[in-house]
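In case you want the letters, here they are:
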Amino acid sequence: MADTTKNYNKLENLIKFISVFLVLAVALLFNVKLSINWPFDVYVIPYVNALLNGSTAVLLVLALAFIKMKNVKMHTMSIYLSMLFSLLFLVGYILYHVSTEHTSFGGTGGTRTVYFALLISHIILAAVQAPFVLYAFMYGFTGQIEKHKKIVKYSYPIWLYVSVTGVICYLMIAPYYPSGL
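Residues numbered from 1 in each chain as written. Predicted model: local features only at pLDDT ≥ 70, side-chain atom pairs only at ≥ 80, totals over all residues. Heavy atoms only, no water.

**Student:** What's the story with the overall build of the protein in this structure? I'm lost.
**Tutor:** Regarding its fold elements, the protein presents 5 helices and 0 strands. Secondary structure elements of the protein, listed N to C terminal, follow the sequence α-α-α-α-α. Expressed as lengths along the three principal axes of its C-alpha atoms, the size of the protein is roughly 55 × 35 × 30 Å. By the burial criterion, 36% of the 181 residues in the protein qualify as buried. Nonlocal contacts in the protein, meaning residues at least 24 apart in sequence, comprise 78% of its contacts between residues at least 6 apart. (Helix = DSSP H or I, 4+ residues; strand = E, 2+ residues; numbered from the N terminus. Buried < 20%, exposed > 50% of the residue type's maximum accessible area, 1.4 Å probe, protein only. Contact = heavy atoms within 4.5 Å.)

**Student:** Even after reading the chapter, I still don't get the pattern of salt bridges, so can you show me in this structure?
**Tutor:** Where charged atoms from two side chains of opposite charge approach closely, those side chains can pair. For the structure shown, the criterion picks out 1 salt bridge. Where Glu-146 meets Lys-149, a salt bridge forms, and the shortest distance between an N and an O atom there is 3.9 Å. Separated by 3 residues within a single helix, Glu-146 and Lys-149 lie in helix α5 (residues 145-173), roughly one turn from each other. Since its relative accessible area comes to 53%, Glu-146 is described here as exposed. Residue classification places Lys-149 among the partly exposed positions, given a relative accessible area of 48%. (Salt bridge = Lys/Arg side-chain N within 4 Å of Asp/Glu carboxyl O.)

**Student:** For this particular structure, what's the right way to read the nonpolar core?
**Tutor:** Generally speaking, a soluble globular protein has its nonpolar side chains buried in company with each other. Residues Met-83, Tyr-135, Met-138 and Tyr-139 are the most contacted members of the largest nonpolar core, which totals 15 residues. The biggest single contributor to this core is helix α4 (residues 109-141), with 6 residues. With sequence-adjacent residues up to four places away left out, Met-83 is seen in contact with Val-133, Leu-134, Phe-137 and Trp-159. Judged by nonpolar contacts, the second largest core, of 14 residues, contains Val-42, Leu-118, Met-172 and Ala-174. (Core = buried A, V, L, I, M, F, W, Y, C linked by side-chain atoms within 4.5 Å.)

**Student:** It is not clear to me how a nonpolar patch on the surface should be interpreted in this structure. Could you clarify?
**Tutor:** Nonpolar side chains collect at one region of the surface, where Leu-28, Val-32, Leu-34, Ile-36, Leu-87, Val-91 and Leu-95 lie side by side and expose about 570 Å² of accessible area between them. Sort the elements by how many residues they give to the nonpolar patch and helix α3 (residues 72-99) lands first, with 3 residues. By the element assignment, Leu-95 lies in helix α3. Of the residues examined, Leu-95 reaches a relative accessible area of 35% and is grouped as partly exposed. (Patch = residues over 30% accessible without salt bridge, like charges linked within 9 Å, V, L, I, M, F, W, Y side chains within 5 Å. Areas by Shrake-Rupley, 256 points an atom, 1.4 Å probe, with all protein chains shown as cover.)

**Student:** Would you explain the packing of α3 against α4 in this entry?
**Tutor:** Relative to each other, α3 and α4 sit at 145°, their axes nearing to 12 Å. For the element pair α3 and α4, the recorded crossing hand is left-handed. Here Ile-79, Tyr-80 and Met-83 of α3 come into contact with α4, specifically with Val-133, Leu-134, Phe-137 and Phe-141. Its residues assigned to classes, the contact of α3 with α4 shows 7 nonpolar, no polar and no charged. (Axes fitted to C-alpha atoms, helices over the stretch in contact; angles between N-to-C directions. Left-handed = near helix turned anticlockwise from the far one by under 90°. Nonpolar A, V, L, I, M, F, W, Y, C, P; charged D, E, K, R; others polar.)

What follows is the structure in structure tokens.
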């Protein structure tokens, strides 16, 4: 039992560290610019990130469907892939933002209002979601199903919203990139 508690405490400390680190890393992104000579058009990264976000959203919907059908194996696989895609998104997001200048949204009127409302809610909820998703994952991974179910009531809709609004924000700002897709 002591070994299990020790491992659980290590996982919990790791989640806390990752959650704080992510917020700080993203906050620092806009103050750090690296000169990276990409061997490809750097504006492909937001496109790939939108694909990763969209794929995550689809996988999350599938994960919910699988668990409702009591197919734990496929539910677990869908969640693992969602976690992987979210991690790849985060790496791409960081690499893109430390190596490029800010792209301004060029829309006007109602479109501009919708874009910024989605973007602001997306950014805030993306920061909030990390510990929720990580705890939900840990509870599922460690077999603490009741705790998993309780936290998923909050983490799932936030994660799905962030994934979907990430795609929408990309589609809205993509025409304003200096080059790319």
